[in-house]
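# Secondary and tertiary structure notes
Residues per chain, in single letters:
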Amino acid sequence: MAPKDHFSTQASLYKKFRPTYPDALYQHLRSLVPTPELAWDCGTGNGQVAVELTKFCPHVHATDISEKQLAQAPASDRITYHLLPAEHTTFPDNSFDLITVGQAAHWFDLEKFYQEVNRVAKPNGVLALWGYGVLSISPEVDILFHHFYSQTVGPYWDFERSYVDKGYTTLPFPFREEPAFTGAITTHWSLPDFEGYLNSWSSVQTFIKKHGENPVNGLMERVKEVWPENDTKEVRFPVFSRIGRKNK
């Protein structure tokens, strides 16, 4: 099965509008792997997580299947980017102390990916998968948003999205589990930020390809009735994770 790439088309939107993970997440990882020598950020996209990992790891290898996404990533002498699938890499056996996947594991062929993790992770190495769920803003916006999410573009999500909706609780995970990180991403958005985020969705892009029109436009007309144009609003995303260690 070919790897799924849903984000090359809107790579610049993805970088600009996708939320960033809280510092507490990285502190949690550091508590589990205090002195990592080498990390692999898999499904790195625009390198957001890889950059954060360099704050406590001397070097990070970052992989993705999207050349356009990698083109958005910042250059760093502490990050080596690779155009590689998660399931088949060129890394040596027993290389990594820490392997991370932010909001991407549900797209992988998990059986093959986990085989690769077991090959390239050091004994007792840590694998951390995480993501974020459906946002909340205000009761007036949320009711419109949830209808759009589940009804308007609901049929255009791939089935893997169900793993996100269930907070990865149904994701197969054959590792010795460590305490998960749970928390939230909190940020402040204007109307254009909200619109840009929606346009970065794979389901929206699939809808556009099928119907030749953007469903976000109709939603935004309704949202503007309850969200004054010049206002910023607090936006909150729940963060979930599965974290485990490779068996020795």
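In this text, all values refer to a predicted model and were calculated from it rather than measured experimentally. (Residues numbered from 1 in each chain as written. Predicted model: local features only at pLDDT ≥ 70, side-chain atom pairs only at ≥ 80, totals over all residues. Heavy atoms only, no water.)

## Quick word on the side chain of His106
- When you line up the elements, His106 lands in the loop between β4 (96-102) and α5 (110-120).
- Filtering out sequence-adjacent residues up to four positions away, His106 remains in contact with Glu160, Tyr163, Val164 and Tyr168. (Helix = DSSP H or I, 4+ residues; strand = E, 2+ residues; numbered from the N terminus. Contact = heavy atoms within 4.5 Å.)

## Here we look at the packing of aromatic side chains
- The final tally for this structure, using the stated rule, is 27 aromatic pairs.
- With 5.7 Å between their ring centres and 80° between their planes, Tyr149 and Trp201 make a pair best called edge-to-face. Of this pair, Tyr149 sits in helix α6 (residues 139-152) while Trp201 sits in the loop between α8 (191-199) and α9 (202-211), placing them 52 residues apart in sequence.
- On the basis of relative accessibility, which here comes to 2%, the residue Trp201 falls in the buried class.
- A ring pair is formed by Phe173 and Phe175, whose centres lie 5.3 Å apart and whose planes are at 55°; its orientation type is tilted. Pair check on accessibility: Phe173 and Phe175 agree, each one buried.
- Over the ring of Trp157 we find Arg161, and its NZ or CZ is 4.6 Å from the ring centre. (Phe/Tyr/Trp six-rings, centres within 6.5 Å; stacked < 30°, edge-to-face > 60°. Buried < 20%, exposed > 50% of the residue type's maximum accessible area, 1.4 Å probe, protein only. Lys NZ or Arg CZ within 6 Å of the ring centre and 35° of its normal.)

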